[in-house]
Amino acid sequence: MLIARSIAELRQHLVTSQCPAFVPTMGNLHAGHIKLIERARPQGDLTVASIFVNRLQFLPHEDFDSYPRTWEADCAKLEAAGCDLVFAPRETDLYPQPQTVKVQADPALGDILEGEFRPGFFTGVSTVVMKLFSSVFAGKAQGVAVFGKKDYQQLMVIRQMVAQFALPIEVIGVDTCRAEDGLALSSRNGYLSESERAEALQLSLALRALGRDALAAADALVQHLPALEDRAMQGLRQRGWQPDYLTVRRRHDLQAPQAGDPLVVLGAAKLGNTRLIDNFEI
């Protein structure tokens with residue numbers, strides 16, 4: 001497995017590739033990331049993963065400095081999964097000067113849900129992904145990028161960015177990888193204490209219950225949805241959580257649903273000091 005630290009070195013390793021398959025990560029890898037690598041491998045002629053903790057997508061009070069860096073373990077997992085090339089730039093390699101030119105997500109998609117509670121998050125995500133895409137896919141007629149559906153809104157933002165900038169990249173979404181008890185795998189699960197880890201499953205259970213209630217409401221969903229969402233939020237609060245949102249949206253644009261729309265239920269809530277997200281298509 002090759003390792004590139006600079007964009008120039010990365011592109012040199014990619015000279016002979018006609019269709020790279022790319023998985024961007026922030027490291028601290030778990031089985032969900034490996035699932036993305038395994039999905040990517042058959043899609044291209046060279047499998048690339050990046051490891052970069054992107055300062056631009058962290059708010060000042062968030063965990064940029066303490067975000068786990070597990071370089072040696074990450075490389076071992078990637079090599080075992082058949083990754084060909086790891087791009088692991090230092091911050092000065094990817095941002096050699098202050099990144100004053102940024103990609104702004106469509107506010108209709110990027111300023112709701114995660115964008116409301118983490119303002120600027122999707123600008124940071126879109127900017128780093130665009131820069132990673134330009135690093136990996138420069139000069140290529142085609143390529144593939146693989147993302148997890150656990151970050152459902154992020155996947156939609158990236159797909160919209162690729163479409164509107166006419167990038168020659170197919171974006172593939174992979175279903176959320178879960179622990180045996182159903183908890184969505186996340187690098188931030190490592191922050192949870194033993195008792196918090198047992199409690200953490202309640203977020204996905206609350207979302208599943210909200211989804212069942214939404215489907216049961218059928219044609220009256222628009223009328224009853226605010227009460228259903230409020231009840232789901234209150235249920236988590238009573239267990240000591242601090243929910244940001246538990247909501248049902250239509251899948252294609254994450255706006256309020258109308259009768260007959262394919263739906264997705266999404267949630268974000270803080271348990272102790274750890275903020276968790278999850279979603280289910282229903």
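Our subject in this report is the structure included herewith. Fair warning: this is a prediction, and the values are worked out from it, not measured in the lab.

## Regarding the overall build of the chain
Here is step 1: Counting its secondary structure elements, the chain contains 10 helices and nine strands.
Here is step 2: Its C-alpha atoms give the chain principal-axis dimensions of about 55 × 40 × 35 Å.
Here is step 3: Looking at the chain as a whole, 53% of its 282 residues qualify as buried.
Here is step 4: Sequence-distant contacts, at least 24 apart, represent 72% of the contacts inside the chain between residues at least 6 apart.
Here is step 5: Of the roughly 13,300 Å² that the chain leaves accessible, carbon and sulfur atoms contribute 50%.
Here is step 6: If you average the places of the 29 positive and of the 33 negative side-chain charges in the chain, the two averages end up 1 Å apart.

## Examining the packing of helix α7 (residues 121-137) against helix α8 (residues 152-164)
Here is step 1: α8 packs onto α7 with a crossing angle of 50° between their chain directions and a minimal axis gap of 10 Å. Judged on the interaxial angle alone, α8 and α7 are oblique. As α7 packs across α8, the resulting crossing turns out to be right-handed. Between α7, through F121, F122, V125, S126, V129, M130 and F133, and α8, the contact on the second element is made entirely by Q153, Q154, V157, I158, M161 and V162.

## What to know about the layout of surface pockets
Here is step 1: By volume, the second largest pocket amounts to about 250 Å³.
Here is step 2: Lining the second largest pocket are 17 residues, and of these I51, F52, V53, R69 and P89 sit closest to its centre.

## Notes on the nonpolar core
Here is step 1: Counting residues in hydrophobic clusters, the biggest one holds 44 residues, and the most contacted among them are L10, V129, F133, F147, I158 and L254.
Here is step 2: Counting residues per element, the ones that place at least two in this core are α1 (7-13), β3 (46-51), β4 (85-87), α7, β5 (143-148), α8, β6 (169-174) and β8 (263-271).
Here is step 3: In terms of residue count, the dominant contributor to this core is α7 (10 residues).
Here is step 4: Apart from residues lying up to four places away in sequence, L10 is in contact with A4, V48, L85, F87, S135 and V136.
Here is step 5: With 25 residues, the next largest nonpolar core counts L183, L210, V265 and L271 among its residues.

## With respect to the side chain of R118
Here is step 1: Its place among the elements puts R118 in the loop between α6 (114-117) and α7.
Here is step 2: Looking at R118, its side chain comes within polar contact range of the side chain of E62, at 2.9 Å.
Here is step 3: Ignoring any residue separated from it by four or fewer positions in sequence, one finds R118 in contact with Q57, L59, E62, R188 and R275.

## A word on the state of the cysteines
Here is step 1: Using the criterion set out here, one finds zero disulfides in the structure.
Here is step 2: Unpaired in terms of disulfides, C83 finds its nearest cysteine sulfur in C75, a separation of 8.9 Å.

## Quick word on the side chain of E199
Here is step 1: Mapping E199 onto the fold places it in helix α9 (residues 194-217).
Here is step 2: On the accessibility criterion, E199 (15% relative accessible area) is buried.
Here is step 3: Discounting residues that sit within four places of it in the chain, E199 has contacts with R239, W241 and L271.

## Overview of empty space enclosed by the protein
Here is step 1: This model, assessed by the stated rule, comprises one cavity of 30 Å³ or more.
Here is step 2: Together, L183, A184, S186, N189, A200, L203, S204, L276, I277 and D278 line the largest cavity.
Here is step 3: Those elements that provide at least two residues to the lining of the largest cavity are α9 and β9 (274-281).
Here is step 4: By residue class, the composition of the lining of the largest cavity is six nonpolar, three polar and one charged.

## A look at the packing of α9 against helix α10 (residues 221-238)
Here is step 1: One can describe the packing of α9 onto α10 by two numbers: an axis separation of 10 Å at closest approach and a directional angle of 160°. Taken together, the axes of α9 and α10 lie roughly antiparallel to each other. The way α9 lies across α10 gives a crossing that is right-handed. The residues of α10 that touch α9, namely those facing Q202, L203, A206, L210, D213, A214 and A217, are L221, L228, E229, R231, A232 and L236.
Here is step 2: Here the residues of the contact of α9 with α10 are counted per class, giving nine nonpolar, one polar and three charged.

## Things to note about the sheet that holds strand β7 (residues 242-250)
Here is step 1: Judged by pairing direction, the sheet is antiparallel, and its three strands sit side by side in the order β7-β8-β9 without closing on themselves. The sheet terminates laterally at β7 and β9, the two strands that pair on one side only. Neighbour to neighbour, the strand axes of the sheet diverge by 10° on average, direction disregarded.
Here is step 2: Strands in contact with α10 are β7 and β8; relative to β7, the strand with the most contacts, it is inclined by about 155°.

Thresholds applied
Residue numbering note: each chain is counted from 1, following its sequence as written. Two thresholds apply to this predicted model, a pLDDT of at least 70 for residue-level local features and 80 or more for giving and counting side-chain atom pairs, whereas whole-chain, interface and lining totals are computed over all residues. To get the side-chain values, all heavy atoms of the structure are used, and hydrogens and water are removed first. Strands are runs of DSSP state E lasting at least two residues, helices are runs of H or I lasting at least four, and both sets are numbered from the N terminus onward. Note on classification: 1.4 Å probe, protein chains only; a residue is buried when its accessible area is under 20% of the maximum for its type, exposed when over 50%, partly exposed between these limits. Note on contacts: a residue pair qualifies if any of its non-hydrogen atoms lie within 4.5 Å across the two residues. Only the protein chains shown count as cover for residues, with accessible areas throughout obtained via the Shrake-Rupley method and a probe of 1.4 Å. Neither His nor the chain ends contribute to the count of charged residues, in which Lys and Arg are positive and Asp and Glu negative. A charge is said to be at NZ when it belongs to Lys, at CZ for Arg, at CG for Asp and at CD for Glu. In this description, a line fitted to the C-alpha atoms serves as the axis of each element, helices being fitted only across the stretch in contact, and the angle between N-to-C directions of two axes falls anywhere from 0 to 180 degrees. With respect to orientation, any angle under 35 degrees is reported as roughly parallel, any angle over 145 as roughly antiparallel, any angle of 65 to 115 as roughly perpendicular, and every other angle as oblique. Left-handed describes a crossing whose near helix is turned anticlockwise from the far helix through less than a right angle; right-handed describes the clockwise counterpart. Points on a 1 Å grid, built from protein atoms alone, make a cavity when a 1.4 Å probe fits but cannot get out and make a pocket when they are open with protein on both sides within 12 Å along at least 5 of 7 lines; residues with an atom within 4 Å of a point are the lining residues. Grid points are joined across faces, edges and corners, and a volume is the space filled by probe spheres set on the points. Among buried residues, the Ala, Val, Leu, Ile, Met, Phe, Trp, Tyr and Cys ones that are joined through side-chain atoms within 4.5 Å form a nonpolar core. Polar contacts, as used here, are pairs of N or O atoms within 3.5 Å; protein pairs need one atom able to donate a hydrogen and one able to accept it. Residues neighboring in sequence count only if both atoms are side-chain atoms. Disulfides are defined as cysteine sulfur pairs within 2.5 Å. Any residue outside Ala, Val, Leu, Ile, Met, Phe, Trp, Tyr, Cys, Pro, Asp, Glu, Lys and Arg is labelled polar, Gly included; the first ten of those are nonpolar and the last four are charged. Here, a strand pair is defined by DSSP locating no fewer than two bridges between the strands.

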